[in-house]
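Here's the letter readout for the chains.
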Amino acid sequence: MSATIIDGKAIAQEVRSEVAQKVTELKAKGINPCLAVILVGENPASVSYVTGKQKALAEAGMTDRSVHLPENTTEEDLLKLIDELNKDKSVNGILVQLPLPKHINEDRVIMAINPEKDVDGFHPVNVGNLMIGRKAFLPCTPHGVVVLLEKMKIETSGKHCVIVGRSNIVGKPLAILMSSRKVNSTVTICHTGTKNMAEITKQADILVAAAGHPSTITKDMVKPGAVVIDVGVNRIPDSTKKSGFRLVGDCDYDEVAEIASYITPVPGGVGPMTIAMLMFNTLEAAMNQNGLN
Ligand code: GUN
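A few points on the structure.

What counts as what
Residues numbered from 1 in each chain as written. Predicted model: local features only at pLDDT ≥ 70, side-chain atom pairs only at ≥ 80, totals over all residues. Heavy atoms only, no water. Core = buried A, V, L, I, M, F, W, Y, C linked by side-chain atoms within 4.5 Å. Buried < 20%, exposed > 50% of the residue type's maximum accessible area, 1.4 Å probe, protein only. Helix = DSSP H or I, 4+ residues; strand = E, 2+ residues; numbered from the N terminus. Contact = heavy atoms within 4.5 Å. 1 Å grid on protein atoms, 1.4 Å probe; cavity = no way out; pocket = protein on both sides within 12 Å on 5 of 7 lines; lining within 4 Å. Points joined across faces, edges and corners; volume = space filled by probe spheres on them. Nonpolar A, V, L, I, M, F, W, Y, C, P; charged D, E, K, R; others polar. Near = heavy atom within 4 Å. Polar contact = N/O pair within 3.5 Å; in protein donor to acceptor, adjacent residues only side chain to side chain. Areas by Shrake-Rupley, 256 points an atom, 1.4 Å probe, with all protein chains shown as cover. Sits in = over half its atoms within 2 Å of the grid points.

Okay, the nonpolar core next. If you look at the biggest cluster of nonpolar residues, it comprises 53 residues, and the most contacted ones within it are Met178, Val208, Ile229, Val231, Met273 and Met279. Element by element, the count of residues in this core is highest for helix α10 (residues 270–289), at eleven residues. Aside from chain neighbours lying at most four places away, what touches Met279 is Val19, Lys53, Ala56, Leu57 and Met62. Listed in part, the 19 residues of the second largest apolar core include Leu78, Ile94, Ile104 and Ile113.

The structure is reproduced here in structure tokens:
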């Protein structure tokens with residue numbers, strides 16, 4: 001048996017087309033959805049992610065107010081910029097690309113963003129609202145995972161979802177979404193303190209790898225027929241590539257694909273969904289701020 005490959009790129013394109021259609025309708029009413037993506041420094045992965053977000057904004061017909069600041073930008077100057085964007089009524093969403101240079105406190109930066117413009121869903125107000133089932137901006141990567149499962153018509157109700165990784169960006173919010181009444185899975189979170197991890201991951205009907213390390217999930221850790229969602233994006237040296245690296249996920253893809261029922265590739269799986277859900281959140285922000293939701 002060999003897994004069906006989930007085409008995240010195609011599903012993301014579907015979401016992006018739906019967003020673009022709604023943007024056209026909003027523009028006809030004089031509303032121009034606008035996102036400010038702030039990048040500090042030159043982290044190559046971050047530069048690449050931000051470029052992808054800017055391309056998606058252009059394709060969706062949304063206004064791009066991105067700012068690229070030098071590595072040595074002070075925290076004070078970054079907070080001042082966020083304050084200006086918070087007050088600017090023409091800006092609907094603000095996203096600060098993470099990680100930030102070490103001299104800047106990420107927590108203070110996230111806290112400075114107006115929760116109504118926090119299209120990343122990282123502000124504690126949005127995290128809290130998600131936790132108690134109130135309307136909130138959903139963080140883009142976990143939301144993208146749920147939409148992938150939904151669009152693939154993969155049954156989630158009553159299934160055991162095991163998430164490997166407890167980050168604020170993916171593992172923790174995904175656990176909340178997967179155990180919501182709507183998705184209705186039973187959730188277990190594994191992390192670096194978990195003993196006998198394979199015993200637990202082998203019980204998963206839906207296994208999500210979000211640990212941030214290659215080869216976290218090997219074939220012996222997967223139940224035959226499980227759905228495997230790989231959130232990892234790891235750069236590993238590869239002298240045969242012009243860039244000098246290639247991207248791999250957190251799973252040993254080839255061997256896991258032999259026994260899974262569905263699997264997401266890296267690249268082309270969850271990654272494109274993150275950007276699509278960011279476009280969705282920016283549209284939501286514009287609608288909320290114009291009294292349309
Ligand atoms: N760095 C890695 N993933 C993300 C994300 O979803 N949002 C932001 N702002 N930074 C990231």
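Now that the structure has been shown, the text picks up again.
Any empty space left between the atoms is revealed when a probe the size of a water molecule rolls over them. Tallying each qualifying case throughout the model produces one cavity of 30 Å³ or more. Estimates place the volume of the largest cavity at around 70 Å³. Together, Ile94, Leu95, Val96, Leu98, Ile110, Ile113, Asp118, Asp120, Phe122 and His123 line the largest cavity. When residues of the lining of the largest cavity are assigned to their parent elements, the largest contribution, three residues, is made by strand β5 (residues 93–96). The residue inventory of the lining of the largest cavity, partitioned by class, reads seven nonpolar, one polar and two charged.

What follows covers the site of the ligand. Around the ligand, the neighbouring residues are Leu95, Val96, Gln97, Leu98, Asp120 and Phe122. Val96 places a polar main-chain atom, nitrogen or oxygen, 2.8 Å from a nitrogen atom of the ligand. Asp120 is positioned such that a nitrogen or oxygen atom in its side chain is 2.6 Å from a nitrogen atom of the ligand. Protein coverage of the free-state accessible area of the ligand, which is 280 Å², stands at 82%. Judged by the fraction of its atoms near the pocket grid, the ligand is located in the largest pocket.

Okay, the layout of surface pockets next. The computed volume of the largest pocket comes to approximately 1,500 Å³. Forming the boundary of the largest pocket are 48 residues, of which Tyr49, Thr141, Val233, Gly271 and Thr274 lie nearest the centre. Contributions of two or more residues to the lining of the largest pocket are made by α1 (8–28), α2 (44–60), β5, α6 (140–151), β11 (245–248) and α10. Take the lining of the largest pocket: its biggest share by element is eight residues, from α2. The residue makeup of the lining of the largest pocket, split by class, is 24 nonpolar, 15 polar and nine charged.

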